[in-house]
Amino acid sequence: MRIRRRDSSSTVEYVREMLTMSDGATVSLDWCDGSMEASDSTVRPVILVLSGVGGSSQEHHIRALAQHLVRSLKACVVVVNHRGTAGTPITAPRPYDVGFTDDVRAAIAHIGAKFPQAKLAAVGFSMGANVLTKYMGEEGMRCPLACAVIVCCPFDIVVSGAAMDESNVLNNHVFQPAVMSTLMRAIKRAQHLELKPEWNVDIGRIRTAKRLSVLEDELLVKINGYRDREEYYVRSSSARFVEHITVPLLAINSLDDRITPPQGIPVHKFMKNPNVALALVPHGGHLGFLTGIPPRIWFIKPIGEFIAAIIK
């Protein structure tokens, strides 16, 4: 869930850079604490961060992680904000989705060209973790990243999609309202854009949607040209690409995650690919992982330790 509290562990400042995608869409890059202007950035590692659905560089866990990576690894940290998030202008009708890797591919290529001598790493959360994992598998031996960490990756979208659409207290009163309010605001901001006629999208159904599955059926399935939501889920699932990952990847998931249940984790593929490791812990929920008094986010330290071990 999105928590945007601020404290001494998450105080960061961003400098924004805009990228135009091949279809005219805009993606924003938020560079942490002057990373973009750093004169020594050609030798400092650059770490990209991807949020979950509706998230952005303003989430508490992302700001806390960015601060930690800048201070402990002396890294340049950049948060890649999805289309329409974090106040990014909406300049194309195609939205981002759980399996859409074009934008992260373009962002990584841009950053690699900007800092050709720097080692690149990436961290993805929830939906952003699925996008990152799928991208790494698609790239295979061409992947320019030195390593990556994913947290609460859904892997099998058929499993996580069913979990998110289940009628229960968490979904009905917390997850679905939070996600839908964010997405509906973005849809309202995109009203000036004209949808392609061949998509055959029912605007009325979208405007009255109360659950994510309705937006998936009416918008994402049709825009991607899929037969139905099940095909969208299957084709978007990063579990299909784990065996093709060729650089070190650490996955952190919890057994009590109601949004991305452990049943969707392809454990057998992790066991067969020596490049990937799975840390499956008993508790943590979905992007919780709190420990200590006062509580702090547990996964920040191991993310930094894993990246440091690979890139140093």
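The model shown is predicted, which means the values in this text are computed figures rather than measured ones.

Visitor: How would you summarise the overall build of the chain if you had to cite specific residues and measurements?
Guide: Looking only at helices and strands, the chain features 10 helices and 10 strands. Taken against the 2.2 N^0.38 rule, which gives 20 Å for 312 residues, the C-alpha radius of gyration of the chain at 18 Å falls within 12% of a compact globule. Referenced to the eigenvectors of the C-alpha coordinate spread, the extents of the chain come out at roughly 50 × 40 × 40 Å. Here the chain holds 312 residues, and 56% of them are scored as buried. Taken as a whole, the chain presents about 13600 Å² of accessible surface, with 56% of it coming from carbon and sulfur.

Visitor: With reference to specific residues and values, describe the sheet that holds strand β2 (residues 26–32).
Guide: Note: strands within a sheet are paired through backbone hydrogen bonds, in either parallel or antiparallel orientation. If you trace the 8 strands from one edge of the open sheet to the other, you get β1-β2-β4-β3-β5-β6-β7-β8, paired in mixed fashion. Here the strands that pair on one side only, and so sit at the sheet edges, are β1 (14–20) and β8 (276–281). The average undirected angle you get between the axes of adjacent strands in this sheet is 20°. Relative to β2, β1 runs antiparallel, the two being bridged by 7 bridges.

Visitor: Explain unusual backbone geometry residue by residue, including any values.
Guide: Along the chain, isoleucine 293 connects to proline 294 via a cis peptide bond; the corresponding omega equals -5°. Looking at where proline 294 falls in the secondary structure, it is placed in the loop between β9 (290–291) and β10 (296–297). Even without being a glycine, alanine 86 presents a positive backbone phi close to 55°. Structurally, alanine 86 can be placed in the loop between β4 (76–81) and α2 (102–114). What makes alanine 86 partly exposed here is its relative accessible area of 28%. One non-glycine residue with positive phi stands out, namely leucine 287, at about 65°. Within the secondary structure layout, leucine 287 lies in the loop between β8 and β9. What makes leucine 287 buried here is its relative accessible area of 16%.

Visitor: So, the pairing of β8: which residues are in play, and what are the values?
Guide: Examined bridge by bridge, strand β7 (residues 249–254) and β8 share 6 bridges and lie parallel to one another. Bridge pairing links serine 254 to valine 281 in β8. In terms of handedness, the path from β7 via helix α9 (residues 267–272) over to β8 forms a crossover that is right-handed.

Visitor: If you had to explain the packing of aromatic side chains to someone new, which residues and values would you point to?
Guide: Going through the model one piece at a time under the given rule, you end up with 7 aromatic pairs. Aromatic side chains phenylalanine 155 and phenylalanine 270 sit 5.6 Å apart centroid to centroid with 90° between the ring planes, which places their arrangement in the edge-to-face category. Taken together, the residues span a long stretch of sequence, with phenylalanine 155 in the loop between β6 (147–151) and α4 (157–165) and phenylalanine 270 in helix α9 at a distance of 115 residues. Pair check on accessibility: phenylalanine 155 and phenylalanine 270 agree, each one buried. Between tyrosine 232 and tyrosine 233, the ring centres sit 5.7 Å apart and the planes meet at 40°, which makes this aromatic pair tilted. With respect to burial, tyrosine 232 and tyrosine 233 carry one shared label: buried. Grouping aromatic residues by their ring pairs yields a cluster made of Phe125, Phe289, Trp298 and Phe299.

Visitor: Account for the packing of α4 against helix α8 (residues 229–236), with residues named and values stated.
Guide: Helix-helix packing is described using two parameters, namely the angle between the two axes and the distance between the axes. With their axes 8 Å apart at the nearest point, α4 and α8 run at an angle of 125° to one another. One finds that α4 runs oblique with respect to α8. In contact with Ile157, Val158, Gly161 and Asp165 of α4, α8 contributes Arg229, Tyr233, Val234 and Ser236. Its residues placed into classes, the contact of α4 with α8 shows 4 nonpolar, 2 polar and 2 charged.

Visitor: Let's hear about the environment of asparagine 130: which residues, and what values?
Guide: Locating asparagine 130 in the fold gives a position in helix α3 (residues 127–139). Apart from residues no more than four positions distant in its own chain, asparagine 130 is found in contact with Val98, Gly99, Cys153, Pro154, Phe155, Ile157, Ser236, Ser237 and Ser238. In this structure the side chain of asparagine 130 is engaged in a polar contact, spanning 2.9 Å, whose partner is the backbone oxygen of serine 236.

Visitor: Got a sec to walk through α4? Specific residues and values, please.
Guide: Along α4, the residues classified as buried are Ile157, Ser160, Gly161, Ala163 and Met164. Axial view of α4: buried residues confined to an arc of 160°, hence all on one face. Elements in contact with the buried residues of α4: α3, α5 (169–189) and α8. Taking the backbone nitrogen of valine 158 as reference, a side-chain oxygen 3.0 Å away marks aspartate 156 as the first, capping residue of α4.

Visitor: Lay out the packing of helix α1 (residues 60–73) against helix α10 (residues 300–311) in plain terms, naming residues and giving numbers.
Guide: In the contact formed by α1 and α10, the axes pass within 10 Å of each other and the chain directions differ by 40°. Considered as vectors, α1 and α10 are oriented oblique to each other. Considering the relative orientation of α1 and α10, their crossing is right-handed. The residues of α10 that touch α1, namely those facing His61, Ala64, Leu65, His68, Leu69 and Leu73, are Ile300, Lys301, Ile303, Gly304, Ile307, Ala308 and Ile311. Looking at side-chain class alone, the contact of α1 with α10 contains 9 nonpolar, 3 polar and 1 charged residues.

Parameters at a glance
Residues numbered from 1 in each chain as written. Predicted model: local features only at pLDDT ≥ 70, side-chain atom pairs only at ≥ 80, totals over all residues. Heavy atoms only, no water. Helix = DSSP H or I, 4+ residues; strand = E, 2+ residues; numbered from the N terminus. Rg over C-alpha atoms; globule rule 2.2 N^0.38 Å. Buried < 20%, exposed > 50% of the residue type's maximum accessible area, 1.4 Å probe, protein only. Areas by Shrake-Rupley, 256 points an atom, 1.4 Å probe, with all protein chains shown as cover. Pairing = 2+ DSSP bridges. Axes fitted to C-alpha atoms, helices over the stretch in contact; angles between N-to-C directions. Right-handed = clockwise from strand over helix to strand, strands pointing away. Phe/Tyr/Trp six-rings, centres within 6.5 Å; stacked < 30°, edge-to-face > 60°. Parallel < 35°, antiparallel > 145°, perpendicular 65-115°, else oblique. Contact = heavy atoms within 4.5 Å. Nonpolar A, V, L, I, M, F, W, Y, C, P; charged D, E, K, R; others polar. Polar contact = N/O pair within 3.5 Å; in protein donor to acceptor, adjacent residues only side chain to side chain. Arc of directions from axis to C-beta. Left-handed = near helix turned anticlockwise from the far one by under 90°.

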